[in-house]
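Remarks on the overall topology
What follows is the residue order along each chain.
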Amino acid sequence: HVFSGRNVMFFAPHEDDEINLYGGVIEQYVKCGSEVRIVFSTNGDFYGLGKLRIKEALRVAKSYGIPLENVIFLGFSDSITDKKGRHIYNAEPDEVQRSAAGYSETYGAHGREPFVQCSFTRHNYLNSFIKVIEQYKPDMIFCCDYDGHADHRALSLFFEEALGDILKREPFYKPLVFKGFAYSTAWDGKADYYSLNAPSTHLKEPSAYMRETGFYEWEKRVRFPVARESLSRVMQNGSSYRAMAEYSSQTATDHAAGILNSDKVFWLRRTDSLLYNAQVTATSGDASALHSFKLADSSDIKNEAGLPLKGLWTADPDDEKRIVAFRLPEPQKISSVVIYENPAKDSHIVNAQLTLGAVSYNTGELKENGATVFEFPPVTTDIIGIRIKSFTGKCSLLKVEAYAAPESGKAELIKVQNQTGISVMIIL
């Protein structure tokens, strides 16, 4: 069963975001007997309510049937910024910060200690993510992506940086990772709960890709059906609504008609790229982040508007070769390469040459948004090269991934709903 026998970890930036992001999905894993943990990166204490919100989160977990020891508080404050106004994610690694709530060390409440007792530094924040993943080794991880709030963005980027560090050191650890958005697909979602049948999650303003990042394609979303008890003819009777109501400190129930749908949508982030430990070289520009697990980055997650484009490889204007190359530690069988071009409008790759050992392919035009996937008969090599032959605007790439096997398109679960609203789950 898709929901059973799993070791699942749900990351949330604030207490109540576990419902906004995963309400109805958490219940599926719990009732099917999976080991479920919820990890909160902050105590949501910007207005001094951190200890109350911890108490509320424990009540919600109890209502879900999650053992309280499986609710983990990293214990950092909400919206920590340095003296320059930058979020702690962008602060100096070892500079201790003091939060608006008056804390400079992780803390807990109601008998719950923080996962790691430490001062508020960027290094400690990142290390807490590394430690919690390494301690429990979940085989399935859910996390928010580059959302509309700095703490959500920090969670997304710290998580990807931490997991990327682990994947480089532990090549046999390959969890399933799903990233989602709390605002555009939930908190600010269309208030359509009482439509005929329970509708699927969709965007208020339809778009072919997620505007927050510019590279998640809407058609590539993965739809997880929510638990039956999360939906009801009367919204207030559903499990997710009742969980929201436990957060008396928040206003989630005011947004319930947009948060609650028949599914929750996420984007799969593969963790089996062969390039994490590759040596990267380029004829010009900085290509050092081109192969990392972290898909995007930002120099200022709190104040910088626009797409998160730090870490791009951009060839110099006078570079006539425009080549980036990856040398793997040893030859590997490669049957798929994924290239993300710079999603900004002033950059587009019209054609490139993809070389694997002695085999070369012309890529043709890359997708302006999202990943361009190339699949081919397996080639065993330790060298991958990309030469940009023609482009408009900037010659720039966001990320490159390589895989031994193409991504599976097989559906594991189908939800069928008839005209009366009765749903049937079909496991394939």
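Residues numbered from 1 in each chain as written. Predicted model: local features only at pLDDT ≥ 70, side-chain atom pairs only at ≥ 80, totals over all residues. Heavy atoms only, no water.

**Re empty space enclosed by the protein**
Under the counting rule described, the total for this entry stands at four cavities of 30 Å³ or more. Volume-wise, the largest cavity comes out at about 50 Å³. If you trace the largest cavity, you find 13 residues lining it, with Asp145, Ser156, Leu157, Glu160 and Ala296 closest to the centre. Of the residues assigned to the lining of the largest cavity, the class counts are seven nonpolar, two polar and four charged. Lining the second largest cavity are Ile19, Gly23, Val226, Ser230, Leu231, Ser240, Ile259, Leu260, Asn261 and Lys264. Tallied by class, the residues present in the lining of the second largest cavity amount to five nonpolar, four polar and one charged. (1 Å grid on protein atoms, 1.4 Å probe; cavity = no way out; pocket = protein on both sides within 12 Å on 5 of 7 lines; lining within 4 Å. Points joined across faces, edges and corners; volume = space filled by probe spheres on them. Nonpolar A, V, L, I, M, F, W, Y, C, P; charged D, E, K, R; others polar.)

**A word on the nonpolar core**
Core analysis: the biggest nonpolar cluster contains 79 residues, and Phe10, Phe11, Tyr29, Phe129, Phe142, Phe159 and Phe224 have the highest contact counts within it. The contact partners of phenylalanine 10, leaving out residues within four places of it in the chain, are Tyr22, Val25, Ile26, Tyr29, Val36, Arg37, Ile38, Val39 and Phe142. In terms of nonpolar packing, the next biggest core, distinct from the first, is built from 27 residues, Leu290, Leu354, Ile384 and Ala402 among them. (Core = buried A, V, L, I, M, F, W, Y, C linked by side-chain atoms within 4.5 Å. Buried < 20%, exposed > 50% of the residue type's maximum accessible area, 1.4 Å probe, protein only. Contact = heavy atoms within 4.5 Å.)

**Section: the sheet that holds strand S1 (residues 7–12)**
Pairing between the strands of a sheet is mediated by backbone hydrogen bonds and can be parallel or antiparallel. Spatially, S3-S2-S1-S4-S5-S7-S6 is the arrangement adopted by the seven strands of the open sheet, whose pairing is mixed. Of all the strands in the sheet, just strand S3 (71–76) and strand S6 (222–225) have a single pairing partner and so form its edges. Here the average twist between neighbouring strands, direction ignored, is 25°. Pairing analysis gives six bridges linking S1 to strand S2 (residues 35–42), with the strands arranged parallel. Within S2, the position partnered with phenylalanine 10 by the bridge is isoleucine 38. Lying on the sheet, helix H4 (residues 122–136) is in contact with S1, S2 and S3; it crosses S3 at an angle near 165°. (Pairing = 2+ DSSP bridges. Helix = DSSP H or I, 4+ residues; strand = E, 2+ residues; numbered from the N terminus. Axes fitted to C-alpha atoms, helices over the stretch in contact; angles between N-to-C directions.)

**Some thoughts on the pairing of S3**
Burial runs high along S3: six of the six residues are buried. Neither face of S3 is left uncovered, since the one carrying Val71, Phe73 and Gly75 and the one carrying Ile72, Leu74 and Phe76 both have all their residues buried. Bridging between S2 and S3 involves four bridges; their strand directions are parallel. Paired with threonine 42 across the two strands is phenylalanine 76, which belongs to S3. Considered for its hand, the β-α-β crossover made up of S2, helix H3 (residues 50–64) and S3 is right-handed. (Right-handed = clockwise from strand over helix to strand, strands pointing away.)

**So, the packing of aromatic side chains**
In this structure the tally under the stated criterion is 33 aromatic pairs. Ring centres 6.0 Å apart and planes at 65° place the aromatic pair tyrosine 29 and phenylalanine 142 in the edge-to-face group. Of this pair, tyrosine 29 sits in helix H2 (residues 25–31) while phenylalanine 142 sits in strand S4 (residues 140–144), and the two are 113 residues apart along the sequence. Using a relative accessible area of 0% as the deciding quantity, one classes phenylalanine 142 as buried. (Phe/Tyr/Trp six-rings, centres within 6.5 Å; stacked < 30°, edge-to-face > 60°.)

**Quick look at unusual backbone geometry**
One non-glycine residue with positive phi stands out, namely lysine 137, at about 45°. By relative accessible area, which is 32% here, lysine 137 ends up partly exposed. Of note, the phi angle at arginine 322 is positive, near 50°, even though the residue is not glycine. One can find arginine 322 in the loop between strand S9 (313–314) and strand S10 (323–341).

**Brief notes about the pattern of salt bridges**
Pairs can form between side chains of opposite charge whenever their charged atoms are close. With the rule as written, the count across this model stands at 20 salt bridges. Between aspartate 297 and lysine 294 there is a salt bridge; the shortest N-O distance is 3.4 Å. For the pair aspartate 297 and lysine 294, one class covers both residues: buried. Salt bridges sharing common partners tie together Arg122, Glu161, Lys294 and Asp297. (Salt bridge = Lys/Arg side-chain N within 4 Å of Asp/Glu carboxyl O.)

**Looking at the packing of H4 against helix H5 (residues 150–169)**
Two elements in contact, H4 and H5, have axes whose closest approach is 9 Å; the angle formed by their N-to-C orientations is 60°. Considering their axes alone, H4 and H5 lie oblique with respect to each other. In this structure, the crossing between H4 and H5 has a hand that is right-handed. Residues Arg122, Tyr125, Leu126, Phe129, Ile130, Ile133 and Glu134 of H4 lie in contact with H5, whose contacting residues are Leu155, Phe158, Phe159, Glu161, Ala162, Leu163, Asp165, Ile166 and Arg169. Grouping the constituent residues of the contact of H4 with H5 by class yields eleven nonpolar, no polar and five charged. (Parallel < 35°, antiparallel > 145°, perpendicular 65-115°, else oblique. Left-handed = near helix turned anticlockwise from the far one by under 90°.)

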